[in-house]
Each structure stands twice: as structure tokens, then as C-alpha cells.
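One-letter residues, chain by chain:
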Amino acid sequence: MPPSVFLVRYSEIALKGGNRPWFEDALARHIRGFLKAKGAGTLRRIRGRFIIDANSEAADAVAAALGRIPGVQNFSAGERCVPELQALRELCLRKLAGCRPDDRPVSFRITATRSDKSFPLKSGELNADVGAYLLGHAAPGLKVNLDDPDIEVQIEVHPKEAFVFVGKTPGPGGLPVGTAGEVLCLVSGGIDSPVAAWQMIRRGCRAHAVYFENRPFLGRAAYHKVRKLLAVLGRFQGAARLFVAPFAEIQEAIRDHCHEAFRVVLYRRFMMRIASALARREGCLGLVTGENLGQVASQTLENMHAVNSVADLCVYRPLIGLDKLDIIAQAEALGTYGISIEEAPDCCAVFLPSHPVTRSRVSDLEHNESKLDVAGLVERCLAGIEAEVVEAAE
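Residues numbered from 1 in each chain as written. Predicted model: local features only at pLDDT ≥ 70, side-chain atom pairs only at ≥ 80, totals over all residues. Heavy atoms only, no water.

### Some words on the nonpolar core
No. 1: Core analysis: the largest hydrophobic core is formed by 44 residues, its most contacted members being Leu184, Val210, Phe212, Phe247, Phe270 and Ile274.
No. 2: Elements with a contribution of two residues or more to this core: β10 (181-186), β11 (205-213), β12 (240-246), α8 (248-257), α9 (263-282), α10 (301-308) and α14 (374-383).
No. 3: With 11 residues, the top contributor of residues to this core is α9.
No. 4: Beyond its immediate sequence surroundings of up to four residues, Ile274 is in contact with Phe212, Phe247, Ile250, Val378, Cys381, Leu382 and Ile385.
No. 5: Counting residues in hydrophobic clusters, the runner-up holds 33 residues, among them Val183, Trp198, Ala209 and Ala222. (Core = buried A, V, L, I, M, F, W, Y, C linked by side-chain atoms within 4.5 Å. Buried < 20%, exposed > 50% of the residue type's maximum accessible area, 1.4 Å probe, protein only. Helix = DSSP H or I, 4+ residues; strand = E, 2+ residues; numbered from the N terminus. Contact = heavy atoms within 4.5 Å.)

Structure below.
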């Protein structure tokens with residue numbers, strides 16, 4: 001039988017003190033938005049968490065969504081009954097049987113809580129009573145294990161209803177989307193930048209993206225990758241804005257007037273200037289990159305410092321200290337890895353120097369930029385940006 005209710009728990013939100021209701025409301029809005037869009041059920045609050053009364057045909061969709069909504073620590077699928085002892089015994093027996101269809105030997109524990117203090121048994125007494133009933137009525141091979149059971153049957157008793165759940169499924173944790181503000185992510189189409197965006201989404205940000213495109217030289221394959229990546233991230237946060245910035249003129253100017261070794265760092269300084277101006281225009285509170293210390297020549301401390309020096313917003317690098325294998329594992333879990341490794345070079349691959357500088361000095365970069373119309377190049381790029389909304393993937 002499909003579950004009729006889901007118990008949704010949150011962790012970090014509970015530590016927010018006087019601001020807790022605001023965070024709870026934000027999480028409730030996100031869950032209700034999904035339920036309404038899918039016609040999947042209704043949400044209500046109960047004792048510091050949420051109960052979803054699910055439509056039976058939508059139970060799988062509800063479970064899938066709860067596993068992707070930031071702020072959800074974990075959730076359990078279960079059933080309700082009247083708050084009476086015999087009804088609880090029988091429902092627990094049915095739930096336990098559903099967890100061992102082959103009647104294999106299994107250990108279990110009952111964990112009961114009650115908000116209705118008029119219920120005739122205290123929590124410990126209810127544990128013992130229902131446990132004894134299961135031992136006497138379940139198939140052979142059942143035993144009690146209070147420390148590390150194979151199955152934990154959870155009971156909640158409330159004044160007008162009771163619930164029985166088995167097990168917990170983890171959610172993303174973190175904070176509800178939007179509670180920390182909006183950020184603009186520099187997304188290239190590679191492995192790292194979508195994971196960096198996800199890390200900020202999980203901390204309560206709504207992440208939008210800017211992609212720098214050299215269409216005359218590279219075509220649009222990488223652009224289509226970025227759209228697909230943003231759609232996957234949309235499963236966790238909903239629709240996002242994508243800004244496509246024309247970068248060919250800037251790259252040609254750097255190629256024609258600047259020292260070859262500095263090209264990539266100069267590209268990134270221009271990207272940071274443009275992204276900063278765009279973020280301010282769009283009301284974003286910071287920039288996000290997928291940079292990882294030492295991964296490539298442009299991501300040394302010296303080069304990142306040189307790039308940061310032209311930004312007038314905070315630049316967040318949530319992957320800065322991670323191992324590459326950890327980043328790949330996160331990308332695989334998110335569902336972005338397969339898209340990211342599709343063959344499609346980003347614009348930083350254009351006019352690559354044979355020996356890129358790894359420890360650039362700001363003074364050297366500024367000397368090269370003095371040969372360019374920096375303000376004009378930035379202004380024309382900003383004027384040529386194309387904006388669109390990318391909806392979440394199904």
C-alpha cells in the first residue's frame with residue numbers, strides 16, 4: 001500500500017531562534033509549491049516539522065521532490081490511524097510485514113513519542129506493548145535490537161490522529177532556497193561550476209548564471225550544455241535566469257594587444273568586471289565561481305588575487321579546498337556530471353597561450369590592460385547580454 005503521509009524533518013532551521021518561523025515559512029512555501037504544481041497533496045505543521053497528506057498515486061513523486069528540497073533534513077513515509085492502542089498495534093504489524101516480504105530473520109525497535117499526554121500509555125510503555133505484540137503476531141525470526149536494529153518502527157501519537165513510519169530518507173539539509181538572497185554564478189559548462197552553484201543553493205541562495213560565449217569561434221554547443229546544467233539545478237531551486245555574455249571582441253582585443261602569457265588571467269579579470277556590473281544590475285549579492293585552488297594555471301593564489309582585485313562584490317568559491325574526486329562525486333550525485341563531460345570547449349579555450357602565467361602580478365596585468373579600451377569593452381559586452389529564464393528539468 002502506498003504511504004498516505006510523509007513526515008518531513010528539518011535540522012538547522014530549528015536552531016534559528018526568533019527567526020525560526022521565517023525559515024519554516026520559506027520551507028513550507030517551497031514544499032507547497034511542488035505539491036500544488038503536481039496535485040500531489042497538502043502540507044501542514046505539527047510539532048516542529050511538517051506532515052504531508054499525500055495522494056496515493058503521487059507518493060513516489062513526493063518522495064523524489066523531498067529528496068531535492070534544501071532545508072529538508074530527512075523524511076519518512078508512513079500511514080495514519082486513530083490514536084488507539086489496538087489500531088497502533090495492527091498498523092505497526094502491517095508496516096513491519098511490508099518491510100520483510102520474504103519473512104527473513106530481522107531485528108526491530110519501536111520508537112514512540114506522544115504529544116497527547118492523555119494517551120493511556122507513556123512512550124516507554126507504548127514501546128514495550130507494541131514490541132510485545134509484534135513478537136507475538138509477526139512471522140518467526142523477529143527479535144528486538146534497541147541499539148542497531150534492521151528496522152525502526154516510529155510511532156507518533158497526537159490528540160486526534162496517530163502516525164506510524166518506518167525508516168528515514170535523507171534530504172539535502174541546509175536552508176530553504178532564497179533565505180540567503182540571490183547570487184550570480186559564473187558557469188562554464190564544466191564539472192566544477194554547477195557543483196559550486198549547488199553548494200550555494202543548499203545554503204539558502206537562489207543561483208542565477210552568467211555564461212561567457214565566443215560564438216564566432218566555438219558555436220553554441222557549450223551554451224546548450226549550460227542550459228541543461230541550469231535545468232538540472234532547477235530541480236533543487238526552481239527556474240533561474242541565464243545571462244549569455246558576448247566575449248569574442250574582448251578576447252580578440254587581448255590577443256591583438258596583450259602579452260600571450262597573461263591571456264587567461266586577463267579573460268577572467270574582464271569576466272569578473274562584467275559579472276560584477278551584471279550582478280549589481282540584477283540585485284544579486286555576490287558572485288560564485290567553481291575555482292579550486294591549484295587545479296589549473298589560472299587558479300593559483302596569485303592569479304585568483306589578481307582576478308579578485310577588479311571585483312567590487314564578494315566572490316564566493318565554495319570548492320576552493322576540495323579534492324577533485326570529491327567534486328566529481330558531488331556532480332554525479334547531482335546529475336550534472338554526464339552533461340559536464342560532453343565535448344564542448346568554453347570560451348577560455350580560445351587563443352590559449354603555450355605557457356600561461358601561474359603567478360601574475362596586478363601591475364603586469366594593469367600594464368597590459370592599459371593598451372585596451374577596458375571601459376568600452378565592458379560596456380559593449382554588457383549591452384549585448386542576452387537574458388532568458390531556464391525552467392527546471394523534469
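### Brief notes about the layout of surface pockets
No. 1: Considered as a void within the structure, the largest pocket measures approximately 740 Å³ in volume.
No. 2: For the largest pocket, the lining is made up of 33 residues, of which Ser188, Arg268, Gln299, Asp346 and Cys348 are closest to its centre.
No. 3: Each residue belonging to the lining of the largest pocket can be placed in one class, and the counts come to 19 nonpolar, 9 polar and 5 charged.
No. 4: Counted as a void, the second largest pocket has a volume near 530 Å³.
No. 5: In terms of lining, the second largest pocket is formed by 19 residues, of which the most central are Phe34, Gly234, Arg235, Gly238 and Ala392.
No. 6: Of all the elements, helix α1 (residues 20-38) adds the most residues to the lining of the second largest pocket, at 6 residues.
No. 7: Residues belonging to the lining of the second largest pocket are distributed by class as follows: 8 nonpolar, 5 polar and 6 charged. (1 Å grid on protein atoms, 1.4 Å probe; cavity = no way out; pocket = protein on both sides within 12 Å on 5 of 7 lines; lining within 4 Å. Points joined across faces, edges and corners; volume = space filled by probe spheres on them. Nonpolar A, V, L, I, M, F, W, Y, C, P; charged D, E, K, R; others polar.)

### Things to note about helix α13 (residues 362-369)
No. 1: Those residues of α13 that fall on the buried side of the exposure criterion are Leu365, Asn368 and Glu369. Projected down its long axis, α13 carries its buried residues within an arc of 100°, all on one side.
No. 2: Looking at the buried positions of α13, the neighbouring elements they touch are α9, α10 and α14. (Arc of directions from axis to C-beta.)

### Digging into the pattern of salt bridges
No. 1: As enumerated under the stated definition, the model contains 32 salt bridges in all.
No. 2: A salt bridge links Arg109 to Glu152; its shortest N-O distance comes to 3.2 Å. Here Glu152 lies in strand β7 (residues 151-157) and Arg109 lies in strand β5 (residues 106-114), a separation of 43 residues in the sequence.
No. 3: A salt bridge links Glu369 to Arg273, with the shortest nitrogen-to-oxygen separation between them at 2.8 Å. Linking Glu369 in helix α13 with Arg273 in helix α9, this pair joins segments that are 96 residues apart in sequence.
No. 4: Residue classification places Glu369 among the buried positions, given a relative accessible area of 6%. (Salt bridge = Lys/Arg side-chain N within 4 Å of Asp/Glu carboxyl O.)

### A short note on the environment of Leu301
No. 1: As for its placement among the helices and strands, Leu301 is situated in helix α10.
No. 2: Take Leu301: its relative accessible area is 59%, and that puts it in the exposed class.
No. 3: Sequence-wise, Leu301 and Arg80 are 221 residues apart; in three dimensions their C-alpha atoms are separated by 57 Å.

### So, the packing of aromatic side chains
No. 1: Applying the stated criterion across every chain yields a total of 8 aromatic pairs.
No. 2: With a centroid separation of 5.3 Å and 65° between ring planes, the pair formed by Phe212 and Phe247 is classed as edge-to-face. In this pair, Phe212 is assigned in strand β11 and Phe247 in the loop between β12 and α8, connecting sequence segments 35 residues apart. By the burial criterion, Phe212 is buried, and Phe247 matches it.
No. 3: Relative to Phe351, the ring of Phe217 has its centre 5.1 Å away and its plane inclined at 80°; by these criteria the two rings are edge-to-face. Within this pair, whereas Phe217 is found in helix α6 (residues 215-218), its partner Phe351 is found in the loop between α12 (337-340) and α13, the two being separated by 134 residues in sequence.
No. 4: Residue Phe217 is classed as partly exposed on the basis of its relative accessible area of 41%.
No. 5: You can call Phe351 buried: its relative accessible area is 18%.
No. 6: The ring of Tyr223 carries the charged tip of Arg220 above its face, separated from the ring centre by 3.9 Å. (Phe/Tyr/Trp six-rings, centres within 6.5 Å; stacked < 30°, edge-to-face > 60°. Lys NZ or Arg CZ within 6 Å of the ring centre and 35° of its normal.)

### Section: the pairing of strand β3 (residues 49-54)
No. 1: Where burial is concerned, most of β3 is hidden: 6 out of the 6 residues are buried.
No. 2: The alternating pattern of β3 places Arg49, Ile51 and Asp53 on one face and Phe50, Ile52 and Ala54 on the opposite face, and all of these are buried.
No. 3: Here strand β1 (residues 5-9) pairs with β3 via 4 bridges, running antiparallel. Among the inter-strand pairings, Phe6 is bridged to a residue of β3, identified as Ile52.
No. 4: Counting the residues that bridge the hairpin from strand β2 (residues 41-46) to β3 gives 2 residues, and of these Arg47 lies at a positive phi of roughly 50°. (Pairing = 2+ DSSP bridges.)

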